[in-house]
Amino acid sequence: MNTLRVPMLAVIALAVALGPAVPAAQHTRLFRPENLGELEPPDRGEWQRPDQIMDALGVGEASVVADLGAGSGWFTIQLAGRVGPNGLVIAEDIQRPMIQAIKIRVDRIGLKNVTTVLGTATDPRFPVAVDAVLIVDAYHEMEQPVELLRNVATKLKPNGRIGIVDFTKDGGGPGPAMEERVDPEVVIRHAQAAGLVLRSRENFLKYQYMLVFEKPRQ
């Protein structure tokens, strides 16, 4: 991961210069683009456990997957490696500097299976139907989660899944301030209001919870 981290500092600076962030007055919860480097501590791979997260979400070769609220693109890169050249990763964010940073990063690595999308607070604007949607460390920033999840669900393939990973409130590890964290039971209520059902609740993460949702079976 260190080989990707060093050039990422320059990528962040360039991306922030290329495009303004969404005004803070409108979206007070959003992570500031100039702090993107904080999303990639050297030990993130150890506690984030990307392979296990992708396994739980059923991401495999040739999958079409969306990284919603992709931020710096750290998980976008993990997904791209998993789905391979026959798959597709949609890196979505609602802040233009984040999208710029991901584009620069993907171009530098030479990935051909990643596309970026500038979404909105309520509509991710995925260009195609997806097998899975991953929301990592971003749910607590969402101001209209029910409407967003409802729109995300319309882009799921029949057996598609939504995986939500965010930080617990036990006070341990990295992550946002305690008052910004969202209890998993609240996430479940939001998802149910959006017409989704809980498929599984994973407990393999050290500092986070993972909830997997799907549309009701017909």
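Draft legend 1. Highlighting the overall build of the protein. Across its full length, the protein holds seven helices and seven strands. Scanning the protein from its N terminus toward the C terminus, one meets helices and strands in the order α-α-α-β-α-β-α-β-β-α-β-α-β-β. For the protein, the proportion of its 218 residues judged to be buried stands at 50%. Long-range pairs, those at least 24 residues apart, make up 72% of the contacts in the protein between residues at least 6 apart in sequence. Accessible surface for the protein amounts to roughly 10000 Å². Of this, 50% is attributable to carbon and sulfur atoms.

Draft legend 2. Inspection of unusual backbone geometry at higher detail. Of note in the backbone geometry, Ala 62 takes a positive phi value of approximately 75° without being a glycine. As for its position among the elements, Ala 62 is in the loop between α3 (50-57) and β1 (64-68).

Draft legend 3. Up close: the pairing of β1. Here β1 lies mainly inside the structure; five of its five residues are buried. Along β1, one buried face is formed by Val 64, Ala 66 and Leu 68 and the opposite face, lined by Val 65 and Asp 67, is buried too. Pairing of β1 with strand β2 (residues 88-93), which is carried by five bridges, proceeds in the parallel orientation. Following the sheet pairing, Asp 67 is matched in β2 by Ala 91. Traced from β1 through helix α4 (residues 74-83) to β2, the parallel crossover comes out right-handed. Where β1 and strand β4 (residues 130-136) come together, three bridges link them in parallel fashion.

Draft legend 4. Region of interest: α3. Restricting attention to buried positions, one finds in α3 the residues Pro 50, Ile 53, Met 54, Ala 56 and Leu 57. Projected onto a plane normal to the axis of α3, the buried residues spread over an arc of 160° and lie on a single side.

Draft legend 5. Representation of the nonpolar core. Val 133, Ile 135, Ile 162 and Phe 213 are the most contacted members of the largest nonpolar core, which totals 28 residues. Elements represented by at least two residues in this core include exactly β1, β4, α6 (145-153), β5 (156-167), α7 (184-193) and β7 (208-214). When residues in this core are grouped by element, the largest group, four residues, is from α6. When residues no more than four places from it in sequence are discounted, the contact partners of Ile 162 are Leu 57, Val 133, Ile 135, Val 152, Leu 156, Leu 196, Leu 211, Val 212 and Phe 213.

Draft legend 6. Main features of the packing of α3 against α4. Contact geometry of α3 with α4 gives a least axis separation of 11 Å together with a crossing angle of 65°. In terms of crossing hand, the pair formed by α3 and α4 is right-handed. Along its contact with α3, which presents Pro 50, Asp 51, Ile 53, Met 54 and Asp 55, the element α4 presents Trp 74, Phe 75, Gln 78, Leu 79 and Arg 82. By residue class, the composition of the contact of α3 with α4 is six nonpolar, one polar and three charged.

Rules and cut-offs
Residues numbered from 1 in each chain as written. Predicted model: local features only at pLDDT ≥ 70, side-chain atom pairs only at ≥ 80, totals over all residues. Heavy atoms only, no water. Helix = DSSP H or I, 4+ residues; strand = E, 2+ residues; numbered from the N terminus. Buried < 20%, exposed > 50% of the residue type's maximum accessible area, 1.4 Å probe, protein only. Contact = heavy atoms within 4.5 Å. Areas by Shrake-Rupley, 256 points an atom, 1.4 Å probe, with all protein chains shown as cover. Pairing = 2+ DSSP bridges. Right-handed = clockwise from strand over helix to strand, strands pointing away. Arc of directions from axis to C-beta. Core = buried A, V, L, I, M, F, W, Y, C linked by side-chain atoms within 4.5 Å. Axes fitted to C-alpha atoms, helices over the stretch in contact; angles between N-to-C directions. Left-handed = near helix turned anticlockwise from the far one by under 90°. Nonpolar A, V, L, I, M, F, W, Y, C, P; charged D, E, K, R; others polar.

By themselves these figures say nothing about function.
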